[in-house]
Amino acid sequence: MQLFLDTTDVAVLKSLAATGLVDGVTTNPSLIAKSGRPMLEVIAEICAVIDGPVSAEVAAMDVAGMLAEGRKLAAVAPNVVVKVPLTRDGLMATAEFCAEGIQTNVTLCFSAAQALLAAKAGATYVSPFIGRLDDHGAVGMDLITEIRAIYDNYDFDTEILAASIRTPAHVTEAALSGADCATIPPEVFEALFKHPLTEKGLQQFMADWAKTGQSIL
Ligand code: E4P
């Protein structure tokens, strides 16, 4: 399973990328706004840190605008993935990007039927938003299971990118449900390393080790 970081904070990205565990990055207009920086500059910087896929989202709502913006974003670096919304225009743009060899991430997916259309349009990734579905009273993870079954039934190549991840449990459940990737906010990524029993066990081991008076080196 590929683990992406959902961030525009380059310092935080660099710190987590140093672990070798970050396979890619996703951004969205809200994260660009949070960065307070010019989008093209941030995307270029992220692409210089990470070799894997870096999603950069179009802001246009119509096909022509999405194509113009997407081509400009794709020219920033070879690992840019153009992120388009799951709308009728977004899927038309996706099909054209696919024909041009530009990778796409179809975002704001909230139903299996939408995911089916994204795959038929030739999306490289589809992003089902787990946390936002949970917030809406649904069981977000069920959507991953449904999309996995549909994509496997028809051998679609589109990768399922579990998005709107809020907890480490979301990451585990997405992996169990067959998501190809998950995009994770930095604070949740940090939490993945931790377990209270790991910390407790380590404290005990270190206390016992100190009692031996030994040194390995
Ligand atoms: C994914 O591509 C989105 O940027 C992100 O996962 C959305 O998460 P949120 O619902 O926490 O804003």
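Located above this text is the structure these notes cover.
This write-up is about the structure you can find in this document. (Residues numbered from 1 in each chain as written. Predicted model: local features only at pLDDT ≥ 70, side-chain atom pairs only at ≥ 80, totals over all residues. Heavy atoms only, no water.)

Some words on the environment of V171
Then, in step 1: Structurally, the position occupied by V171 is in helix α9 (residues 168–176).
Then, in step 2: Considered as a pair, V171 and V188 are 17 residues apart in the sequence and their alpha carbons are 9.0 Å apart.
Then, in step 3: Every residue in contact with V171, bar those within four places of it in the chain, is listed here: M1, L3, I165, I184 and L192. (Helix = DSSP H or I, 4+ residues; strand = E, 2+ residues; numbered from the N terminus. Contact = heavy atoms within 4.5 Å.)

Re the pattern of salt bridges
Pairs may arise between side chains of opposite charge once their charged atoms sit close together.
Then, in step 1: Tallied over the entire structure, the rule returns nine salt bridges.
Then, in step 2: We note a salt bridge from R71 to E96, for which the minimum N-O separation is 4.0 Å. Pair noted here: R71 is in helix α4 (residues 63–74) and E96 is in helix α5 (residues 88–100), with a separation of 25 residues, a long-range link.
Then, in step 3: Given a relative accessible area of 38%, R71 falls into the partly exposed group.
Then, in step 4: The partly exposed category is assigned to E96, whose relative accessible area is 31%.
Then, in step 5: Measuring nitrogen to oxygen at the nearest pair gives 2.6 Å for the salt bridge that ties E100 to R71. (Salt bridge = Lys/Arg side-chain N within 4 Å of Asp/Glu carboxyl O. Buried < 20%, exposed > 50% of the residue type's maximum accessible area, 1.4 Å probe, protein only.)

A few points about the side chain of K83
Then, in step 1: Looking at where K83 falls in the secondary structure, it is placed in strand β4 (residues 80–85).
Then, in step 2: A relative accessible area of 4% places K83 in the buried class.
Then, in step 3: Within the local environment of K83, its side chain forms a polar contact with the backbone oxygen of T27, the two atoms lying 2.8 Å apart.
Then, in step 4: Setting aside anything within four residues of it in sequence, one finds K83 in contact with T26, T27, N28, S55, A56, E57, V58, N105 and T107. (Polar contact = N/O pair within 3.5 Å; in protein donor to acceptor, adjacent residues only side chain to side chain.)

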